[in-house]
Amino acid sequence: MTIVAAVFVTVYYLAAMQQESLDALSGPGALPPWQVPAGAAGGALALIGGGSLFKVGALRLGGGRGVAEGLGGRRLVRDTTTDPAERRLLNVVDEMAIASGTPAPPVYLIDDKSVNAFAAGYSPSDAVLGVTRGCVQSLSRDELQGVIAHEFSHILNGDMRMSIRLIGVLHGILLLGLIGRLLLRLVFNTSHHYDSRQSGSDGSGKGGSGVLALLAIAVALLVIGSIGSLFGGLIKAAVSRQREFLADASAVQFTRNPGGIAGALKRIMASVTGSKLSHPRAAELSHMYFSQGVWEGFTSLMATHPPLEDRIRAIEPSWDGSLPSPLVGGVADIGEGVGFAPAPSSDAEVSVESVDNAVDQIGDPLEAHRLYAAELIASIPASVRTAAGDPGGARAVVYGLLLDASPDVRSRQRETLYETADARVVASLFGRLVDDIDGLDARLRLPLIDLSLPSLAAMSFPQYQRFCRSFRALVLADERLTLFEWTLSQVLLRHLRPHFERVRSPRVQYKTLYPLSQECGVLLSALAYACGEEGDAVKGYAAGRDDILREAPAELLSRKACGLDALRPALDKLALAGERHRGRVIDAAAAVICADRHVAVAEAELLRGISDLLDCPMPPLLPGQRLAAS
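Reading the values: the criteria
Per chain, the residues get numbers from 1 upward, laid out in the order the sequence is written. Totals for whole chains, interfaces and linings use every residue, but because this is a predicted model, local features are given only for residues with pLDDT of at least 70 and side-chain atom pairs only at 80 or more, for both listing and counting. The basis for the side-chain values is all heavy atoms of the structure; hydrogens and waters are excluded. In predicted models, pLDDT denotes the confidence assigned by the predictor to each residue on a 0 to 100 scale. Contact between two residues is taken to exist if any of their heavy atoms lie within 4.5 Å; hydrogens are not considered. We define a salt bridge as a side-chain nitrogen of Lys or Arg found within 4 Å of a carboxyl oxygen belonging to Asp or Glu. By the criteria applied, helices consist of DSSP H or I runs no shorter than four residues and strands consist of E runs no shorter than two, each listed in order from the N terminus. Nonpolar cores were defined as sets of buried Ala, Val, Leu, Ile, Met, Phe, Trp, Tyr and Cys residues, with membership established by side-chain atoms within 4.5 Å. In this scheme, a residue with accessible area under 20% of its type's maximum is buried, one over 50% is exposed, and one in between is partly exposed, where area comes from a 1.4 Å probe on protein chains only. In this scheme, strands are said to pair when DSSP sees at least two bridges between them. Here an angle of 0 to 180 degrees is reported between the N-to-C directions of two axes, which are lines fitted to C-alpha atoms, with helices fitted over the stretch in contact. Under the convention used throughout, the expected extent of a helix is 1.5 Å for every residue step, that is, one less than its residue count. Two N or O atoms form a polar contact when they lie within 3.5 Å of each other; inside protein one atom must be a possible hydrogen donor and the other a possible acceptor, and for residues adjacent in sequence the pair counts only when both atoms belong to side chains.

**Observations concerning the confidence of the model for the chain**
Averaged over every residue, the pLDDT of the chain is 79; the share at 70 or more is 74%. A low-confidence stretch, residues 200-205 stays under pLDDT 50, and its non-local contacts, those more than four residues away or across chains, total four contacts. Taken as a whole, residues 625-630 scores under 50 in pLDDT and shows 14 contacts with residues more than four places along the chain or in a different chain.

Shown next, in the form of structure tokens:
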């Protein structure tokens, strides 16, 4: 608004100075001095708003992928990636994704020698990670882990959406300066033409006055746009610097290894190229990088990141200023474990304390979750893990996760797949994957969906359309679809759609849960029936409703009233509540599941799936008391 006011005042005085010319054009008193500046101010407001909306819309349409490709990024696909350093990067990203309860984001390699990275997108569903080649080749595994943990913090804390909005606002302000430059060029062209025709005149006529007025407006717009961009850049830098400190702290908590992220920052200081990117569009996204990606000017006022020394000392207060020497021959610890950990026992239960801990750690995972995620990934059979890294194999994995245990139902599903799905995908599923998928523990199913999403996102649009048709036919062929299986399917579609369809980003529409009373009842009732018999369902519903979510109906709903047809729209509406209220819904859901003090693995994973659908990603639920021990 300050910029709009500046335009009004400037044009007001210019109009007053040129009132004689305006009267000559429109008649005396036809245009009072306030009409022209009011129109100019309105035009400036429309220009800034329209330019910002256009830029944000363009970024939203391309999603995180558009940002990464705009910097020349090349997507890394596990099935075709042979470089050990690149595979190590993908492994680290997978561990962090499973540990935080979010889909594994697609990873783009930026062919730049600098050490830098960024996360881009509107939500975890369309987020991508961009990592420079210098980052992949110059950092140890612990240091790379610290960088990736830092970027996951931005994903979990909503920093990506704020960053894209900042880009849009600054773009709108920049348009004022751009129009000022265009007007200035027009003035010079007009002045030259006028001088050539009026070479014998003194230039004091109406044409000369009009040129002078246009020149004054052009200079004013140029100055106002430049000042607006300056202050906008200062605001962007101040906000970004604060978020970087918070992301560093989250990365330390996530990895429980201060030396990892601190070591990465030290290597940037010790590197010849540092973190400065050479791409022409690097400045536009400067506030999204792990470290300062462009020249910050002669002062640090426009720096989007705190000084490296300050970030290192915030992590290691006793740092003596020494820097590491470059790794000889590139990355020194490129090796990855090739053995497989034993699969978790399917008979094990998850403790109530672990459920409570996981709920408390939503959006804020710890090292224990990362270590457990690494064990989960290692326990996935090699054939399934390899298939999940390929678009065709990932489709086969998803189909396999939806196969029913009943031979009759499975036979119908098999016929359905041969009729609707790609023949090679179906042959791969039933030829070499089905037995391994059948033997998966329940706690591996949701992580496997998360690991398959980057490969599924790499499908072509016709492949995506065929996959959706086959997916729906497969679900309909399974006449005994459980709530857990249904939740898996909804999580998959929720995160896959933004890559192929125009999906509107969810916005908070409900400030309280009172308008969502029926939806709360549908969710708690569905969970109560899924986790207990009729009598236990009543107790479970009461545990969630009476103690936490009193907005829900007083009595347990009938099974018909909380079926899957009612649950889908209920979750869609609950996802539009404020973050604090969604947290209360998850607390109540956890209370329902824990009411009998026995939490099966499938029930725990069901809670995680519901949390994902409510846009509150939950870390994996640790068996026993590992969280407290860590």
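Next, the rest of the story.
**Section: the pattern of salt bridges**
Applying the stated criterion across every chain, the model contains 19 salt bridges. In this structure, R494 engages D612 in a salt bridge whose closest nitrogen and oxygen atoms are separated by 3.0 Å. A residue pair is termed long-range when its members are at least 10 positions apart, and R494 in helix α19 (residues 483-496) and D612 in helix α24 (residues 601-613) qualify at 118 residues. Where K573 meets E519, a salt bridge forms, and the shortest distance between an N and an O atom there is 3.4 Å. In this pair, K573 sits in helix α22 (residues 564-574) while E519 sits in helix α20 (residues 517-530), placing the two residues 54 residues apart along the sequence. Look at the salt bridges and you will find they share partners, linking R74, E86, D111 and R133 into a network.

**Looking at the nonpolar core**
If you look at the biggest cluster of nonpolar residues, it comprises 143 residues, and the most contacted ones within it are L89, I148, F152, V355, L429, F467 and L607. In terms of residue count, helix α4 (residues 84-100) provides more of this core than any other element does, nine residues in total. Dropping the residues within four chain positions of it, L429 is found in contact with A396, Y399, G400, L403, L417, V434 and I437.

**Quick word on the environment of L166**
Looking at the element boundaries, L166 is found in helix α7 (residues 159-197). Judged by relative accessible area, which is 19%, L166 ranks as buried.

**Comments concerning the sheet that holds strand β3 (residues 117-120)**
In a beta sheet, neighbouring strands are held together by backbone hydrogen bonds and run either parallel or antiparallel to one another. Here four strands make up an open sheet; going across it, the order is β1-β2-β4-β3 and the pairing mixed. Sheet topology places β1 (74-75) and β3 at the edges, where each strand pairs with a single neighbour. Of the pairings in the sheet, the one linking β1 to strand β2 (residues 107-110) comprises two bridges and is antiparallel in character. Residue R74 lies in a different strand from β2, and its bridge partner there is L109. On the sheet, α4 packs against β1, β2 and β4 (128-132) and is oriented at approximately 140° with respect to β2.

**Description of α4**
The end-to-end C-alpha distance of α4 is 25 Å, a good match for the 24 Å that 17 residues give at a rise of 1.5 Å each. In terms of residue burial, α4 counts as a mostly covered element, since 14 of its 17 residues are buried. Looking at where α4 begins, the residue whose side-chain oxygen comes 2.8 Å from the main-chain nitrogen of A85 is D83. Among the residues trailing α4, G101 stands out with phi positive, at a value near 80°.

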